[in-house]
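Chains, contacts and geometry: an overview
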Amino acid sequence: LRMNPKEELKSIVNSGRIPNSLLFQGPNGSGKLRSAIEFANNVLSIDSQDTTNIIEKISHPDLHIIFPIPSSEKKKENSCDLYINEWRDFVLENKFNVTTKDWVDKLETKKQPQISIQIVSELSKKLSLSSFASGHKVVLFWMADRLNEEASNKLLKLVEEPGNKTVFIFIIDKNKSLLKTLESRCQKISFKKSSTNEFVNNDHHEKIFSELTRNAFLARTNKESLSKLTEWSQNTSKLEREEIKSFLMYSNSIFRQAFMKNIGLEQYVTFQSSSNFNFEGFSKYINTNNIESINNLVEDCHYNIKRNANSKMVMTSLAFELTKLIHT
């Protein structure tokens, strides 16, 4: 039986025989970026007494992170160093579950970000220096399929003749690829999207969700509930954007859990209320007629919040659209 990626990577570190190049490949949401950084942390810990966990800040003097950036005619601007703090914040805010599209949205650029030959040349100079901890150096390429051909060919020479204890980790999505000669030099670690439906509850979010759905359900016949929905929209729109995004993702998870309960897939329902929220009664109203529309509504709201739309308008739209859909 093939080991899962975590076991495979743990086995590699424990063996002490660290490959020069690894390719982490899998779909969005498969945890490959987080696993790559955890692996880098473990590799860099081999030669060091420092127990600092890289995961918390994605930072270490012997960890070099390369990612796509918009190309510039100014040579000095073709550097990941100019964007590294923004990239770290972006990854940590999104709990490592990030896509190229998310990154393009974050940069607010019309140019398609690439990993250019200038970026690889800069990396080459950094790798020629001694490691900070006199041990391993790790280079992590996020969305390595964005390496253009010129950059890939230059990088190939670095990979073929690595410095002492230099480890390259290439991260690409499923169905993406590297230059064949580069890919052939990598040990491949395949990731699959988790099939688990384990639900992680949040007491604060449950309270907000319960208030929303209760008043959305009653609003058709109760004017007081209609005004409460308006008040709910005003209150939630005052939350931090990241908190609103988190709440919306949480909400979609509950809707999916309710739908599974309704259609008899009890084995996948792991939600347990920590309040007086009547999940069983609520689930009877989430069905094949409305689940897709509800999911799309919440995802659209999440996208609009991410794009800095007016929070009050977005949450008001969510509340009043839900009053229609929940009775469908």
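As the structure is a prediction and not an experimental result, all values here were calculated from the model.

**Side note on the sheet that holds strand E4 (residues 166–173)**
- Pairing in this open sheet of five strands is parallel, and the strands run E2-E3-E4-E1-E5 from one edge to the other. Strands at the two margins of the open sheet, each flanked by one partner only, are strand E2 (63–66) and strand E5 (187–190). Strand-to-strand, the axes of this sheet are offset by a mean angle of 20 degrees, without reference to chain direction.
- Across six bridges, the pairing between strand E1 (residues 21–26) and E4 is parallel. The residue of E4 that forms the bridge with Phe24 is Ile171.
- Each of E1, E2, strand E3 (137–142) and E4 touches helix H2 (residues 32–45); the most contacted strand, E4, lies at about 175 degrees to it.

**Topic: the pairing of E3**
- Along E3, six of the six residues are buried, which leaves the element largely enclosed by surrounding structure.
- Side chains Lys137, Val139 and Phe141 project from E3 onto one buried face, and the interleaved Val138, Leu140 and Trp142 project onto a second face that is buried too.
- For E2 and E3, the ladder comprises four bridges, and the chain directions are parallel. Among the inter-strand pairings, Ile66 is bridged to a residue of E3, identified as Phe141.
- Pairing between E3 and E4: six bridges, direction parallel. Along E4, the bridge assignment pairs Phe141 with Phe170.
- Handedness of the crossover joining E3 and E4 through helix H6 (residues 149–160) is recorded here as right-handed.

**Considering the nonpolar core**
- Among the nonpolar cores identified, the biggest contains 61 residues, and Trp87, Phe141, Trp142 and Phe170 are the most heavily contacted of them.
- Broken down by element, the residue count for this core peaks at seven residues, all from H2.
- Once residues lying within four places of it in the same chain are set aside, the contact partners of Phe141 are Ile66, Ile115, Leu123, Leu147, Leu155, Phe168, Ile169, Phe170 and Ile171.
- The next biggest cluster of nonpolar side chains, apart from the first, holds 35 residues, and it includes Val298, Val314, Leu318 and Leu325.

**Looking at the packing of helix H5 (residues 117–127) against H6**
- Interaxial distance between H5 and H6 falls to 8 Å at its minimum, and their mutual angle equals 20 degrees. In terms of their interaxial angle, H5 and H6 are classed as roughly parallel. Note that H5 runs across H6; the crossing there is left-handed. Two secondary-structure elements touch here, H5 through Ile117, Val120, Ser121, Leu123, Ser124 and Leu127 and H6 through Glu150, Ala151, Lys154, Leu155 and Leu158.

What counts and what doesn't
Starting from 1, residues in each chain are numbered consecutively following that chain's sequence as written. Note on the predicted model: pLDDT of at least 70 is required for a residue's local features to be given, and 80 or more for side-chain atom pairs to be given and counted; whole-chain, interface and lining totals, by contrast, use all residues. For the side-chain quantities, the full set of heavy atoms in the structure was used; hydrogens and water were omitted. If DSSP finds at least two bridges between two strands, the strands pair. Helix numbering and strand numbering both begin at the N terminus, where a helix is a DSSP run of H or I of at least 4 residues and a strand a DSSP run of E of at least 2. Lines fitted to C-alpha atoms define the axes, with helix axes restricted to the stretch in contact, and inter-axis angles between N-to-C directions lie between 0 and 180 degrees. Contact criterion: two residues are considered in contact whenever any of their non-hydrogen atoms come within 4.5 Å of each other. Any residue under 20% of the maximum accessible area for its type is buried, any over 50% is exposed, and the rest in between are partly exposed; the area is computed with a 1.4 Å probe on protein chains only. The crossover handedness rule: strands pointing away from the viewer, path from first strand over the helix to second strand clockwise, crossover right-handed. Only buried residues count toward a nonpolar core. Its members are Ala, Val, Leu, Ile, Met, Phe, Trp, Tyr and Cys residues joined through side-chain atoms within 4.5 Å. Comment on the angle field: the value is read as roughly parallel under 35 degrees, roughly antiparallel over 145, roughly perpendicular from 65 to 115, and oblique elsewhere. When the near helix sits turned anticlockwise from the far one by under a right angle, the crossing is termed left-handed; a clockwise turn instead gives a right-handed crossing.

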